[in-house]
Amino acid sequence: MVPAMIDAEDRPGMATLLAWWREMGVDGALDESGTDWLAREGAVPGQAFALQKVEPQKAEPPVASPRPAPAAQRSAPAPGRFDAPPAGDTAPRRFPTAPPDAAALSARQAARGAATLDALRAVLERFDGCALKATAKSLCFYRGRPDARLMIVGEAPGREEDLAGKPFVGRAGQLLDKMLAAIGLGEDDVHITNVVYWRPPGNRTPTPQEVQVCRPFLERQIELVAPDVIMTLGGPAATALLGIEGGIMRARGRWRELEVAGRKVPAMPTLHPAYLLRTPIGKRLAWRDLLAIQERLLGSRGK
Ligand code: URA
């Protein structure tokens with residue numbers, strides 16, 4: 001049982017609260033002061049964050065967070081509002097997160113309008129359809145070159161990435177950089193991103209719904225970068241982007257094709273660097289995949 005309020009002097013109470021947070025997946029503090037998510041008044045997940053963080057964009061209307069179909073017996077909530085419980089009602093508050101297909105539709109419309117990566121970033125900053133945004137500190141869009149020939153797609157930002165606002169900057173990212181250096185590539189040669197743009201709480205795997213909502217942005221990103229080759233890292237990214245089922249060990253090392261906006265891009269699923277940190281013996285397999293990618297890049301140079 002966790003006390004609602006803990007006195008700053010109540011050390012055993014603090015210890016209990018910290019233990020409970022750890023169990024709930026909280027693994028670090030993001031800000032000097034805590035955020036009371038329950039005190040967000042009428043904001044749906046993501047919206048309060050967007051309003052706080054994106055002041056330069058004030059003139060632009062927020063990208064609509066699509067509303068679920070109103071329930072038959074009650075009046076529809078105002079757009080982007082949750083139903084505040086009547087006073088004295090102890091039932092949990094329900095946030096009307098949009099059904100994923102409605103959110104994905106809104107994402108598709110928003111992404112389509114972005115003519116450049118900067119515009120796409122601005123659209124993502126204002127997009128409220130992905131609930132991951134509510135608990136993440138930053139948007140992690142990409143790092144590397146905007147028009148790289150090799151695009152790398154991982155699973156989701158972790159803690160370090162959330163703090164830095166960039167994908168793959170933690171230990172796995174450092175290993176990824178070393179792997180790329182081994183085939184002669186630096187950050188300026190690649191475009192690195194993830195299948196979702198915000199850190200899932202506790203670093204859990206993103207849900208299919210979260211992936212689905214971010215997908216239109218990723219497709220638009222691929223279209224704008226127009227890479228010659230895509231490399232996916234780990235099972236979840238291979239499943240999310242290439243529809244691969246049955247495990248990354250079986251799928252890795254075999255070329256696939258991804259069609260985005262009428263353009264076919266060769267794609268290579270390989271092992272995730274976080275897995276390689278835990279299982280160094282897998283590095284020889286990843287090395288083979290990297291060599292295949294290098295060969296492909298050299299073969300298609302100037303085409
Ligand atoms: N793992 C990922 O899949 N992506 C990151 O950005 C960091 C770690």
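Our subject is the structure that appears above.
Residues numbered from 1 in each chain as written. Predicted model: local features only at pLDDT ≥ 70, side-chain atom pairs only at ≥ 80, totals over all residues. Heavy atoms only, no water.

Visitor: Looking at this model, I keep getting lost on the layout of surface pockets. Mind explaining?
Guide: Any empty space left between the atoms is revealed when a probe the size of a water molecule rolls over them. What the second largest pocket holds in volume is close to 610 Å³. The wall of the second largest pocket is formed by 26 residues, among which Ala-156, Gly-158, Ala-172, His-272 and Ala-274 lie closest to the centre. Those elements giving two or more residues to the lining of the second largest pocket turn out to be helix 6 (159-164), helix 7 (171-182), helix 9 (235-242), helix 10 (248-251) and helix 11 (273-278). No other element matches helix 11, which puts 4 residues into the lining of the second largest pocket. (1 Å grid on protein atoms, 1.4 Å probe; cavity = no way out; pocket = protein on both sides within 12 Å on 5 of 7 lines; lining within 4 Å. Points joined across faces, edges and corners; volume = space filled by probe spheres on them. Helix = DSSP H or I, 4+ residues; strand = E, 2+ residues; numbered from the N terminus.)

Visitor: Mind showing me how you'd approach the site of the ligand here?
Guide: Every residue close to the ligand is listed here: Gly-154, Glu-155, Ala-156, Pro-157, Glu-161, Pro-167, Phe-168, Asn-194 and His-272. Within the backbone of Glu-155, an N or O atom sits 2.8 Å from an oxygen atom of the ligand. Between Asn-194 and the ligand, the recorded distance is 2.8 Å, taken from a side-chain N or O atom to a nitrogen atom. Out of a free accessible area of 240 Å², the ligand has 90% covered by protein chains. Residues that form the shell around the ligand fall into these classes: 4 nonpolar, 3 polar and 2 charged. (Near = heavy atom within 4 Å. Polar contact = N/O pair within 3.5 Å; in protein donor to acceptor, adjacent residues only side chain to side chain. Areas by Shrake-Rupley, 256 points an atom, 1.4 Å probe, with all protein chains shown as cover. Nonpolar A, V, L, I, M, F, W, Y, C, P; charged D, E, K, R; others polar.)

Visitor: What should I look at first to understand the pairing of strand 4 (residues 229-233) in this one?
Guide: Regular strands show a simple pattern: their side chains alternate between the two faces of the sheet. In terms of burial, strand 4 is largely enclosed, as 5 of its 5 residues are buried. Bridge count for strand 4 against strand 6 (residues 263-270) is 4 bridges, and the pairing is parallel. For Thr-232, the partnering residue across the bridge sits in strand 6 and is Pro-269. (Buried < 20%, exposed > 50% of the residue type's maximum accessible area, 1.4 Å probe, protein only. Pairing = 2+ DSSP bridges.)

Visitor: How do you make sense of the environment of Gln-221 when you look at a structure like this?
Guide: Mapping Gln-221 onto the fold places it in helix 8 (residues 208-225). Taking the C-alpha atoms as reference points, Gln-221 and Thr-193, separated by 28 residues in sequence, lie 9.4 Å from one another. With sequence-adjacent residues up to four places away left out, Gln-221 is seen in contact with Leu-117, Leu-120, Phe-141, Tyr-142, Met-151, His-191, Thr-193 and Tyr-197. (Contact = heavy atoms within 4.5 Å.)

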